[in-house]
Structure formats: C-alpha cells, structure tokens
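# Structural overview for review
Read off the chains here:
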Amino acid sequence: MTAVSSGTTVEVYDIVVDMASSAALDNFDDPLLVERARHRDAPAFTELVRRYSTRIFHLARHITQHQEDAEDVLQETFLKAYSHLDGFEGHSKFSTWLVRIAVNESLMKLRKRKADRTVSLDEPIEGSEEPVVREIAVWDSPEQRFSGEEMRSILEGAVDGLAPIYRTVFVLRDIEELSAEETASVLDLTVAAVKTRLLRARLQLREKLTRVFKRKGEDVFAYL
Amino acid sequence: MLTCKDFLDSLNDYLDDTTDPEIRQRVEAHIDNCPNCFVVFDTTKKTIQVYKGLEPQIIPHDVQSRLMDALARKIGQGGS
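### Description of unusual backbone geometry
Residue and element names in this part refer to chain A. Even without glycine at this site, Arg40 takes up a positive phi of about 60 degrees. Along the chain, Arg40 turns up in the loop between α3 (30–38) and α4 (42–64). Residue class for Arg40 comes out partly exposed when judged on the 14 C-beta atoms lying within 10 Å of it. Although it is not a glycine, Ser141 sits at a positive phi angle of roughly 40 degrees. In this structure, Ser141 sits in the loop between α6 (94–114) and α7 (148–160). Given 10 C-beta atoms within a 10 Å radius, Ser141 is considered exposed.

### Details of the domain arrangement of chain A
All names here are of chain A. Entries for chain A in the domain assignment read domain 1 (2–117) and domain 2 (142–213). Across the boundary between the two partners, domain 1 contributes 11 residues, which contact 13 residues of domain 2. Looking at the side of domain 1 that touches domain 2, the elements that each hand over two or more residues are α4 and α6. Residue contributions to the side of domain 1 that touches domain 2 peak at 5 residues, all from α6.

### Side note on the packing of helix α10 (residues 191–213) of chain A against helix α3 (residues 35–52) of chain B
Running from amino to carboxyl end, α10 of chain A crosses α3 of chain B at an angle of 95 degrees, the nearest separation of the two axes being 9 Å. Judged by the angle between their axes, α10 of chain A and α3 of chain B are roughly perpendicular. Contacts between α10 of chain A and α3 of chain B involve Arg202, Leu203, Leu205, Arg206, Leu209 and Thr210 of chain A on the former and, on the latter, Thr43, Thr44, Thr47 and Ile48 of chain B. Class assignment of the residues belonging to the contact of α10 of chain A with α3 of chain B gives a composition of 4 nonpolar, 4 polar and 2 charged.

What counts and how
Residues numbered from 1 in each chain as written. Chains lettered and ligands numbered in written order. Predicted model: local features only at pLDDT ≥ 70, side-chain atom pairs only at ≥ 80, totals over all residues. Helix = DSSP H or I, 4+ residues; strand = E, 2+ residues; numbered from the N terminus. Buried ≥ 20, exposed ≤ 12 C-beta atoms within 10 Å, placed from the backbone. Domains from an automatic or database assignment. Contact = placed C-beta atoms within 7 Å. Axes fitted to C-alpha atoms, helices over the stretch in contact; angles between N-to-C directions. Parallel < 35°, antiparallel > 145°, perpendicular 65-115°, else oblique. Nonpolar A, V, L, I, M, F, W, Y, C, P; charged D, E, K, R; others polar.

Printed below as a string of structure tokens:
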C-alpha cells in the first residue's frame, strides 16, 4: 500500500484499476465483494466503486444541481461506505445503502448552499395542496424532433425545476428505479408520503414537458 | 364511475401497475370516456418513459481519477 498512498493521481488510479481487473472481480456478486471489502480487500472495494460511481455521481448531481458538490458527494459517499462497512448489516442491498448515504450527503450540500428550508425531508406536505393539471395537449416521439443533447437538456432542466422534496423522490423512483418501499426507507418517509410526492413530481414534469413537446396548434384546456 | 379527481388519485398506482383489478377496470373505463384524462394518463406515462430512456452519461474521467485517488489515500491510511 505504500506505493498507492504516495503515488500521483494517475499512478494511483492505474494501480487500483490493475488490482481490480487482475482479480476478475467483475464476476463476483455484491455480497461477496462487500464481505471481502470488510476484510480490507482493496480490489474488492474498488470493484464496488467501479459498479456504482456513475450512478452515485448522477444521483448527487440531480439532487444538488451542482457539479462540484456532486463530486464531493461522490467521494464522501465511498469514503464513508469504506469506513462504515462493518455497520452495513445486509438488511438492504448494498446499492440501496450507498444511495442512502449519497442522498443524505447531497441534502446536506443543498442545505449549506441554498439555506433552503424546503430541503427538509421531515417537512410535511401542505395538506390542502392538490395536484394541478393545466396543460392538456397530446405529444408523441419528441426524440424525433430534438437531438439527444437537446432532450437531455430539456429533461434535466425540468427535473432541476422541481422542489427538492419532489425532485429527490422522482429521481429515486423513476430514474434510479428504486421501489416505493426502498425509496421510503432511504428517505425515512412513509410509503404513502413517497406516493404523494411522486404523483406531484410526475404531474409537474408532465406539465413542463407538455409545454415543450406539444404539437403546434394543439388547444390547451384548463382541467381540474 | 370514477370522477376526474378519483382518476388522478389512482393514476400513480395505475401507471406502476400496483392497482387491484377492480380499480384498474374503473380507471380504464374512466379514461375510455374522458378524453382529457386520457391525455393526462398518456402524457404522464410518456413523461416517465422519456426519463427511463435517458442514456446514463459516463462519469468524467477526471472525476473518476480524483475519486480513486481519494480512496487510495484512505485505504493507504488504513481506512479509518
């Protein structure tokens, strides 16, 4: 480990990647890698990082809406995971445990940067607020009208415009594809609260996308 | 017969295929007879689909390098 701890960034990266690939760890399942990583098997942990770093980085970017904060969250998530592997009891999937760490780190970043009280996940939803539908217009195959880059910009811009309590639930459920139960566990919410927030997030995004994707000349009606 | 508000309340479970068969039938009967709710159902479903179809971007190489560097330092220190 002396060479690893004293090398340059590139040398260190190459060494760790070589360690992981040489052991063909990509055939191992997560529980086995976690067990080996618990015994301070660096290549096993490196393989877990390789599997989930992209997912954690994009999750953090969605929640923090900030590239540098997302990178900090990425590092903190894996450093904490490595330090606290003994505390991972295996009741959930390793990936869900990682996501929980990343969400907490992301929300802390968001609170620091924006001092935004709406970030609190304990905050109750306003009881009288009903989902609102305003835009009624059909749209089909927007990917035929917009380039991949334009689509990404439109979709990410729409998600970024959601309040954090809705954005976080939408990202976990519909982008990360966690179940309602997993999302509730990660966010310390009830399943009912997850479903309520998800409906509002989906309908708000539907409104935003309909304004961009609707066919020209389509009438727009008030609704509900 | 469901009202439009009832339909919205059931929309998530219907889209996630977690409704019981009776509610499912009632939702389908409603959207067959309510053009506005059909459009809401259809465009909400498409909204979810376009996000699911978004290709994951590769993590930038320099970000990945700095992560591995930080981990290597941590591991080199004994991981505590």
